[in-house]
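An overview of the molecular structure
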Amino acid sequence: MTNIPEEMISDDVKEMFIEILYMFLAYRNKSDHGGRVYNYNSEKYSLKYHKIFHDRMEISKTSFAKGNGRIGLDVLLYALSWFSTHGQPFIDLGSNIYGCIEEHLTKFPMDSEFINMNTGKFYNDFLPNKSTL
């Protein structure tokens, strides 16, 4: 599902994969029941530090210790980016979320600071870089 070479699959990668699946389930349940996901935060479903994952996000162990890279739209999208067997779902989801945020901000520009604070790396770094999309 991830195209990770078999020789690179360690116990840490397996644990990361399980944590990612639980995080997907948490976001799915939150959104299915009408919950607000742009600033969803859950200690239960947040990721532990996994060097292979967080290096890809450019989050150091120090930054992780400060609370970055545990859960959020940015973590969700980076987690989705590991799955390459059925297109690129992170691009579809990211583009749709970004479009919704932009549409909201055209109607309510005063919400910009609030959205930036609550979506973190997702809105500030990940999506405005159109080369990723």
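Just so you know, these numbers come straight off a predicted model, no measurement behind them. (Residues numbered from 1 in each chain as written. Predicted model: local features only at pLDDT ≥ 70, side-chain atom pairs only at ≥ 80, totals over all residues. Heavy atoms only, no water.)

**What about the packing of aromatic side chains?**
We count it as follows: For this analysis, a ring pair means two rings from Phe, Tyr or Trp (six-membered ring only for Trp) whose centres lie within 6.5 Å, classed as stacked if their planes differ by under 30 degrees, edge-to-face if by over 60, and tilted for the remaining angles. Comment: elements are numbered from the N terminus, with helices defined as DSSP H or I runs of at least four residues and strands as E runs of at least two. Exposed residues in this analysis have more than 50% of their type's maximum accessible area, buried residues have under 20%, and partly exposed residues fall in between, with area computed by a 1.4 Å probe over protein chains only. Whether a charge sits over a ring comes down to the Lys NZ or Arg CZ being within 6 Å of the ring centre and within 35 degrees of the ring normal.
Per the counting criterion, the structure on display carries three aromatic pairs. With 6.2 Å between their ring centres and 15° between their planes, F53 and W82 make a pair best called stacked. With a gap of 29 residues between them, F53 in helix α2 (residues 51–57) and W82 in the loop between α4 (73–80) and α5 (89–107) connect regions that are remote in the sequence. Taken individually, F53 and W82 each receive the classification buried, so the pair is uniform in this respect. Positioned over the ring face of F64 is R70, at 4.0 Å from the centre of the ring.

**Observations regarding the environment of E43**
Note on placement: E43 falls in the loop between α1 (11–32) and α2. Placed 28 residues apart in sequence, E43 and I71 show a C-alpha to C-alpha distance of 8.2 Å.

**A few points about the side chain of H54**
Basically, it comes down to this: Working rule for contacts: check all heavy atoms of both residues, and any pair within 4.5 Å makes them a contact.
Along the chain, H54 falls in helix α2. The exposure class of H54 is buried, given its relative accessible area of 0%. Apart from the residues lying within four places of it in its own chain, the contact partners of H54 are K48, Y49, I59, F64 and G69.

**Thoughts on unusual backbone geometry**
Unlike most non-glycine residues, E58 shows phi in positive territory, near 60°. Note that E58 resides in the loop between α2 and α3 (61–65).

**Details of the environment of M117**
One can find M117 in helix α6 (residues 112–119). Relative accessible area serves as the criterion here: at 59%, M117 is assigned to the exposed category.

**Comments concerning the confidence of the model for the chain**
Our working definition: pLDDT is defined as a per-residue confidence score from the predictor, taking values between 0 and 100.
Counting all residues, the mean pLDDT for the chain is 83, and 86% of those residues have values of 70 or more. Ranking the elements of the chain by mean pLDDT puts helix α7 (residues 121–126) last with 57 and α3 first with 95. Of the regions scoring below 50 in pLDDT, residues 128–133 engages in 10 contacts with residues more than four places distant in sequence or in other chains.

**Some points on the packing of α4 against α5**
Put simply, the rule is: Axis geometry follows a simple rule: fit a line to the C-alpha atoms, using only the stretch in contact for helices, then measure angles between N-to-C directions, giving values from 0 to 180 degrees. Orientation labels follow simple angle bins: below 35 degrees gives roughly parallel, above 145 gives roughly antiparallel, 65 to 115 gives roughly perpendicular, and whatever is left gives oblique. Helix crossings are classified by the rotation of the near helix relative to the far one: an anticlockwise turn of less than a right angle makes the crossing left-handed, while a clockwise turn makes it right-handed. Under the scheme applied, nonpolar residues are Ala, Val, Leu, Ile, Met, Phe, Trp, Tyr, Cys and Pro; charged residues are Asp, Glu, Lys and Arg; polar residues are all the others, including Gly.
Where α4 meets α5, the axes come as close as 8 Å, and the angle between the chain directions of the two elements is 150°. Here α5 runs roughly antiparallel to α4, going by the angle between their axes. For α4 against α5, the interelement crossing comes out left-handed. Touching L73, L76, L77 and L80 of α4 are P89, F90, L93, G94 and I97, all from α5. Among the residues making up the contact of α4 with α5, the classes are represented as eight nonpolar, one polar and no charged.

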